There are 2 protein chains.
Amino acid sequence: MKKATRQQTKVHNRNLVLHTIINNESVSRAEIARITSLTKTTVSDIVADLLEEGLIAEIGVGESLGGKNPILLSLLPDSRCLLGLDLAHNQFQGAIVNLRGQIQKKASLPVNDRDGNEALALVYEILDQLIPGCNLPLVGIGVGTPGLVNTRDGVVVDAVNLDWHDFPLAQLLKDRYHLPVYILNDSQAAAIGEYTYGKGHIAESSLVVIHVHHGIGSGIVINGHLFQGDGGGAGEIGHVVVVSEGGLLCRCGNRGCLETVASAQAIVRRIRTLANESYSNSWQDPAHKITLDEVERAYNLGDPLALQVVSESARYMGLAISGLVGILNIHEIVLSGDMTSFGRPWLDTIVDTMQHTSLSRSVQDTRVEFGQLGANAVILGSTAVMANNYSLLFTGQPTQAEFTYQ
Amino acid sequence: MKKATRQQTKVHNRNLVLHTIINNESVSRAEIARITSLTKTTVSDIVADLLEEGLIAEIGVGESLGGKNPILLSLLPDSRCLLGLDLAHNQFQGAIVNLRGQIQKKASLPVNDRDGNEALALVYEILDQLIPGCNLPLVGIGVGTPGLVNTRDGVVVDAVNLDWHDFPLAQLLKDRYHLPVYILNDSQAAAIGEYTYGKGHIAESSLVVIHVHHGIGSGIVINGHLFQGDGGGAGEIGHVVVVSEGGLLCRCGNRGCLETVASAQAIVRRIRTLANESYSNSWQDPAHKITLDEVERAYNLGDPLALQVVSESARYMGLAISGLVGILNIHEIVLSGDMTSFGRPWLDTIVDTMQHTSLSRSVQDTRVEFGQLGANAVILGSTAVMANNYSLLFTGQPTQAEFTYQ
């Protein structure tokens, strides 16, 4: 508990006004004063600053409530640009995004198993491609990466596939681009993305986004804030043990982790094994390298092997989500990532298993749905952390380097 | 985001001063002003009110820092009393507690399988016994009960053993005793108790208390606040499925829940079954009703059957805690409840299993320890919610009925 200083109050009030404008399509000064309980003079002064900053504009007049018609104010979404990156398994992707989470320009580069400094060079390459396309004040760079991230220090603590360990990614990017940089775990970024730009979330609500791609992770938003836990690793659902006896060996060294049975990688591996065993006709050349796309096509054509393997994986997902819902009791669960391309039957099996392995009172109000942002969830989440950090949006202000989530 | 009104600011400042006094053994007015950033005049006015309320006292003089020696202020822990109840499986327990969580008087009554209105009568009986022993202003009644609780409305949504469903316990107690009443799930109460009165917690830190007794539940404290989830049921670890194939039927209707293999009830049942099967000599009359106390005695004497069953149960606990740590990444895990009487070997097996079924980076900083409050954790937690709600402590103030956790 602390008393606010005068400067803190000033920043708080300014952010409060901006928040009100961002959360309303259009709003008058008088309405802002009513919503925020600030005086009309304070609101007018702040609005003048925001107009000068070019962050908002007067967009017309509203209906009169007795006196003269009030002037309506609105955010100018294209007054700033933000850079977001998703360091996904096979393909690094980046985009220029505006203040409403609209993607202006995208770029992507195949990874081809590059790691270490070669992976870093790829990050530079994608940023070098995108930055010249940004003709507005650039707020900063957000990066969603697999692995454990220390968001406060901008360090990738451990990302096995990229061979990054205690890797100071934020500092490297700051040194090269002289911009604020935010590093987030990819699943946590997807959660912030879906919370901020996915539809239908009540303000200050909670949700969990489960990101099922090459690996499996999740991001937890509690009362509108990303929850990262004491070590930054909250939401690590991929290594929850779901096969209690005789599970497969996981890359983490344990056996029976969710990732060994429900990730995109696990499904491809399982199909390969079973196709080899059965010499199934549907997989004409079981020796060739089966991909997730092929599994998806076979699945959509009703191939029995694909149906069986995907359905098994969904049951394990349901079991893991059941445990997560029991512990968190958060009613909104969102699925994102490659595996969502298996569509409604995959989702239905997950929900069915969850309902049959949970206390009914825990799951009766729980909704499990697909995300709204598709393949852009991580990119949009990595930029949302900046768009939500209003102090960063002011060109005349010293950069507030501190990460404000959590 | 909201601007504070003048009245809210006044209450906030008063609570800020009281908070500072409570969190320091003794403190001067000048130190309070420095810590809180409030003006000396504001602090002096508030301190005068607190002295008049009898909540604090001037207890001596401190060292001079140049001028005259400052008068030191301290909380008067025995200026108020609080009533706490733990509606534990076999035995309802209650206590009169002071503002520092010290128990002044206890009472307990055997339940003997009573439920419904008979269980309510038992609650009345225990309160009727305790209340006359309370000669100071009584702040309110806190109750920790098994089952799902709607804390805001004070309703026990579902407590199977007590046969309470949508049971308005708070209103019933308010009508009878005309006092503020707080109803909490027992594991959540234990968590608040250990957080508030257990030693060694950093302010605003997070911890999970796993309460292993007749059933199994947990309470999650995040940044100093009880996290209850969207439906009040957060921390429901007892019905996480840990036996993925061929698990026992649980009272919840599912199979393989943690409660079926790791609760006190599960252990007693398992010993009974195995003793019957093996006609083991250590359990001379396998037909008689074996109790947890007997299992504990046998365990301490090295009985192989007891060792085997308790160790199995600890492995399942470790597996469930591993999942919880993966999701929450909270570094402090506290075990409370009857099962803690199996002591260090039980704890060591739990920790060992957790470490071997978690990502090493998730658990490397995780501490699993016994609680500090023993059998009083639930009682002390149910009173802590009132002791921490400073507005309740003012005799001249209208009661703030709203529950302020979460």
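In case you missed it, the structure is sitting above this.
Residues numbered from 1 in each chain as written. Chains lettered and ligands numbered in written order. Predicted model: local features only at pLDDT ≥ 70, side-chain atom pairs only at ≥ 80, totals over all residues. Heavy atoms only, no water.

Participant: How should I be thinking about helix 3 (residues 40-52) of chain B in this particular structure?
Facilitator: Since there are 3.6 residues in each turn of an α-helix, residues three or four apart along the chain are aligned in direction. All names here are of chain B. Spanning 13 residues, helix 3 covers 18 Å between terminal C-alpha atoms, matching the ideal 18 Å at 1.5 Å per step. If you check which residues of helix 3 are buried, you get Val 43, Ile 46, Val 47 and Leu 50. Taken end-on, helix 3 shows its buried residues confined to a sector of 105 degrees, consistent with a single buried face. Turned more than 90 degrees off the buried face of helix 3, the exposed positions are Thr 41 and Glu 52. Buried residues belonging to helix 3 abut helix 1 (6-22), helix 2 (29-36), strand 2 (56-61) and strand 3 (71-75). Directly beyond the C-terminal end of helix 3, a positive phi value near 75 degrees is found at Gly 54. (Helix = DSSP H or I, 4+ residues; strand = E, 2+ residues; numbered from the N terminus. Expected span 1.5 Å × (residues − 1). Buried < 20%, exposed > 50% of the residue type's maximum accessible area, 1.4 Å probe, protein only. Arc of directions from axis to C-beta. Contact = heavy atoms within 4.5 Å.)

Participant: How should I be thinking about the side chain of Ser 74 of chain B in this particular structure?
Facilitator: By secondary structure assignment, the location of Ser 74 of chain B is in strand 3. With residues up to four places along the chain from it excluded, the contact list for Ser 74 of chain B reads Ile 21, Glu 25, Leu 55, Ile 56, Ala 57 and Ile 59 of chain B.

Participant: Hey, could you run me through the nonpolar core in this one?
Facilitator: Most often, soluble globular proteins have nonpolar side chains that are buried together. Ile 210, Met 317 and Trp 346 of chain A together with Ile 210, Met 317, Leu 328 and Trp 346 of chain B are the most contacted members of the largest nonpolar core, which has 102 residues in total. For Met 317 of chain A, the residues in contact, after removing those within four places along its chain, are Ile 210, Val 212, Ile 216, Leu 258, Ala 262, Trp 346 and Ile 350 of chain A. (Core = buried A, V, L, I, M, F, W, Y, C linked by side-chain atoms within 4.5 Å.)

Participant: Looking at this structure, I do not really get the interface of chain A and chain B. What am I missing?
Facilitator: Size of an interface, as often reported, equals the accessible area lost when the parts are brought together. Taken residue by residue, the interface counts 52 residues in chain A and 52 residues in chain B. Here chain A packs against chain B, burying approximately 4200 Å² in sum over the two surfaces, 59% of which is carbon and sulfur. One can count 16 residue pairs in polar contact (both at pLDDT 80 or more) joining chain A with chain B. Those elements that place two or more of their residues in the side of chain A that touches chain B are helix 1 (6-22), strand 13 (216-222), helix 10 (304-328) and helix 12 (360-363) of chain A. Per-element accounting of the side of chain A that touches chain B gives the leading share, 6 residues, to helix 10 of chain A. For the side of chain A that touches chain B, the residue count by class is 19 nonpolar, 26 polar and 7 charged. (Buried area = accessible area lost by both parts, 1.4 Å probe. Polar contact = N/O pair within 3.5 Å; in protein donor to acceptor, adjacent residues only side chain to side chain. Nonpolar A, V, L, I, M, F, W, Y, C, P; charged D, E, K, R; others polar.)

Participant: Where do I start with the environment of Leu 335 of chain B in this structure?
Facilitator: Residues and elements named next belong to chain B. Within the secondary structure, Leu 335 sits in strand 15 (residues 332-336). Accessibility expressed as a relative area gives 1% for Leu 335, which makes it buried. The sequence separation of Leu 335 and Ser 322 amounts to 13 residues, and the corresponding C-alpha distance is 14 Å. Ignoring sequence-local partners within four residues, the contact set of Leu 335 consists of Ile 210, Ile 321, Thr 340, Trp 346, Leu 347, Ile 350, Val 368, Glu 369, Phe 370 and Gly 371.

Participant: In this structure, what is going on with the relation of the copies chain A and chain B? I would like to understand it.
Facilitator: Between the two copies of the chain lies a relationship made up of a rotation around an axis and a movement along it. Rotating chain A by 180 degrees and moving it 0.0 Å along the rotation axis overlays it on chain B with an RMSD of 0.0 Å. The operation mapping one copy onto its partner corresponds to a two-fold rotation axis. By C-alpha distance to the rotation axis, the residue of chain A lying nearest is Ser 244 of chain A, at 3.0 Å. An overlap of 100% is found between the interface residues of chain A and their copies at the interface of chain B, pointing to a shared contact surface. (Least-squares fit on C-alpha atoms with pLDDT ≥ 70 in both.)

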